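Each chain, letter by letter, is given below.
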Amino acid sequence: MNKKLAAALSGGTALLLALTGCGGDEDESKKKLDAWAMKVCDQMQPQVKKILEANKSIASVQTEEDSKKVQQTDSAGFQVSVDAYKALANAVQDAGAPPVKDGETSQKNAVKALNDLSTAYANLKKRSDALDTGDKNKFGEGLRAIGGDISKLSGQSSEALKKLQSGDVGKAMAKQPGCQKNSLSPAPGKS
């Protein structure tokens, strides 16, 4: 009943791994950019871990028959994502604009995208909490609708985040332990 939701969360996990796995060559002449990347990445890793754990928790109940348990787990997972995306937005905001061409625009777009994700997960939590756990068919339909919306979310903010991580910013972020792809492992998802 929760397979579409788990599949959609996998898409969100891919977005997070893209955000934290920037890839690129080292460039020692970019001290200010490295300092900026360190500010962002040091705050990023714990939040991304929280989101991945929330996704793992939600995926773990995909075959659960107890609708109330599914609802409670999903609700808690969505709340973790709300808080973590908000914290990520604050980390990017607090770091200031990256010292590159169009850095201020990239920063504003990334902060907006992360805040939008936080708000969207808050809405998903509200919808999940409102599902009727007494009617398994209606509950399943509601979960499928939520899963479809999560799929949309996973792609919604990727452009602004890609722009933030492009070029020299991406290279600087890739050097930071908190933004290295291998510092996090994706949550295992069943499909």
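Everything that follows concerns the structure shown earlier in this document.
In this report, we go over the structure that sits alongside the text. Note that the coordinates shown come from a computational prediction; the quantities given were computed from them, not determined experimentally. (Residues numbered from 1 in each chain as written. Predicted model: local features only at pLDDT ≥ 70, side-chain atom pairs only at ≥ 80, totals over all residues. Heavy atoms only, no water.)

### Concerning the nonpolar core
Consideration 1: Ranked by internal contacts, the top residues of the largest apolar core, which has 38 residues, are Trp36, Tyr121 and Met173.
Consideration 2: Those elements that place two or more of their residues in this core are α2 (31-60), α3 (67-95), α4 (103-130), α5 (136-156) and α7 (167-174).
Consideration 3: Ranked by residues supplied to this core, first place goes to α2 with ten residues. (Core = buried A, V, L, I, M, F, W, Y, C linked by side-chain atoms within 4.5 Å. Buried < 20%, exposed > 50% of the residue type's maximum accessible area, 1.4 Å probe, protein only. Helix = DSSP H or I, 4+ residues; strand = E, 2+ residues; numbered from the N terminus.)

### Thoughts on the packing of α2 against α7
Consideration 1: Two elements in contact, α2 and α7, have axes whose closest approach is 8 Å; the angle formed by their N-to-C orientations is 60°. Judged by the angle between their axes, α2 and α7 are oblique. Note on packing geometry: the crossing formed by α2 with α7 is right-handed. The segment α2 lies against α7, with Leu33, Asp34, Trp36, Ala37, Val40, Cys41 and Met44 engaging Asp168, Val169, Ala172 and Met173.
Consideration 2: Taken together, the residues that form the contact of α2 with α7 break down as nine nonpolar, no polar and two charged. (Axes fitted to C-alpha atoms, helices over the stretch in contact; angles between N-to-C directions. Parallel < 35°, antiparallel > 145°, perpendicular 65-115°, else oblique. Left-handed = near helix turned anticlockwise from the far one by under 90°. Contact = heavy atoms within 4.5 Å. Nonpolar A, V, L, I, M, F, W, Y, C, P; charged D, E, K, R; others polar.)

### Observations concerning the packing of α3 against α4
Working note: a packed helix pair is described by the angle between its axes plus the distance between those axes.
Consideration 1: At their nearest, the axes of α3 and α4 sit 8 Å apart, and the two run at 165° to each other. Put simply, α3 runs roughly antiparallel to α4. Crossing handedness for the pair α3 and α4: left-handed.
Consideration 2: Its residues assigned to classes, the contact of α3 with α4 comprises 14 nonpolar, nine polar and four charged.

Just distances and angles here, no functional claims.
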